[in-house]
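Summary of the model geometry
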Amino acid sequence: MDSSHPPVVGVVHEAPGSTVRLRPVAEDDLAMLRRFAVEPGLIGLDWAGFRDAAAPARRFAEDGYLGEQVGGLIVQVDPPDVPAGYLSYQQRQGGGRAPYWEIGIVLLPEWRGRGLGWRAQALLCDYLFSHTPAQRIQAGTHAENAAEQRSLEKAGFQLEGVLRACEFRAGAWRDGWLYSRLRDDPSPL
């Protein structure tokens, strides 16, 4: 390794032409997280109205987005060494006392459709299965979001079913699709 370059930070997946890296949120990333809170349509179908633009800075000051039960990581693309989006994870409680993770992703529009989302979600699953005892990771998406459905399937998730009228969005109750990946399911990476 060339000693003039700092060591690689984060969880990495390399493919011809680009590397997808998951790394902790840095102070410079707060501007992107604020945009997700206040720019209509930037996060696509998940837009639920304006949110507190100061919340990302408060959360960063609290735990750097690396909480034990709720956290998030930046999706970075190398080259050009820029943040492309954000992945969240939240611990939930299933039947009995078994915790599981629910994950979500948002990519900036210029990075969508390039195969980054499935790689980032697969990396996050591998990371969570390596560092926590969870048996299950789940993710939901919208019935009309075919791109995210394909992304989840490439990331090793399986469709479990439709959650009827599970979300209020754009003035109406809408169905969602629930996907899961289990610890024993093979990683696509």
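Please read all numbers here as calculations on a predicted model, not as lab measurements. (Residues numbered from 1 in each chain as written. Predicted model: local features only at pLDDT ≥ 70, side-chain atom pairs only at ≥ 80, totals over all residues. Heavy atoms only, no water.)

Re the packing of helix H3 (residues 116-131) against helix H4 (residues 146-154)
- Following both chains from N to C, one finds H3 and H4 inclined at 45°, their axes separated by 8 Å at the closest point. Put simply, H3 runs oblique to H4. Both H3 and H4 take part in a crossing whose hand is right-handed. Where H3 abuts H4, its residues Gly117, Trp118 and Gln121 lie against Glu148, Ser151, Leu152 and Lys154.
- For the contact of H3 with H4, the residue count by class is two nonpolar, three polar and two charged. (Axes fitted to C-alpha atoms, helices over the stretch in contact; angles between N-to-C directions. Helix = DSSP H or I, 4+ residues; strand = E, 2+ residues; numbered from the N terminus. Parallel < 35°, antiparallel > 145°, perpendicular 65-115°, else oblique. Left-handed = near helix turned anticlockwise from the far one by under 90°. Contact = heavy atoms within 4.5 Å. Nonpolar A, V, L, I, M, F, W, Y, C, P; charged D, E, K, R; others polar.)

Structural notes on the environment of glutamate 27
- With respect to the element layout, glutamate 27 can be found in the loop between strand E2 (18-23) and helix H1 (30-38).
- Taking the relative accessible area as the measure of exposure, glutamate 27 reaches 58% and is therefore exposed.
- With 33 residues separating them in the primary sequence, glutamate 27 and phenylalanine 60 have C-alpha atoms 7.6 Å apart. (Buried < 20%, exposed > 50% of the residue type's maximum accessible area, 1.4 Å probe, protein only.)

A short note on the nonpolar core
- Counting 40 residues, the largest nonpolar core has Phe36, Ile103 and Phe157 as the members making the most contacts within it.
- No other element matches H3, which puts nine residues into this core.
- In this structure phenylalanine 36 touches Leu42, Ile43, Trp47, Tyr86, Val106 and Leu108, once residues within four positions along its chain are discounted. (Core = buried A, V, L, I, M, F, W, Y, C linked by side-chain atoms within 4.5 Å.)

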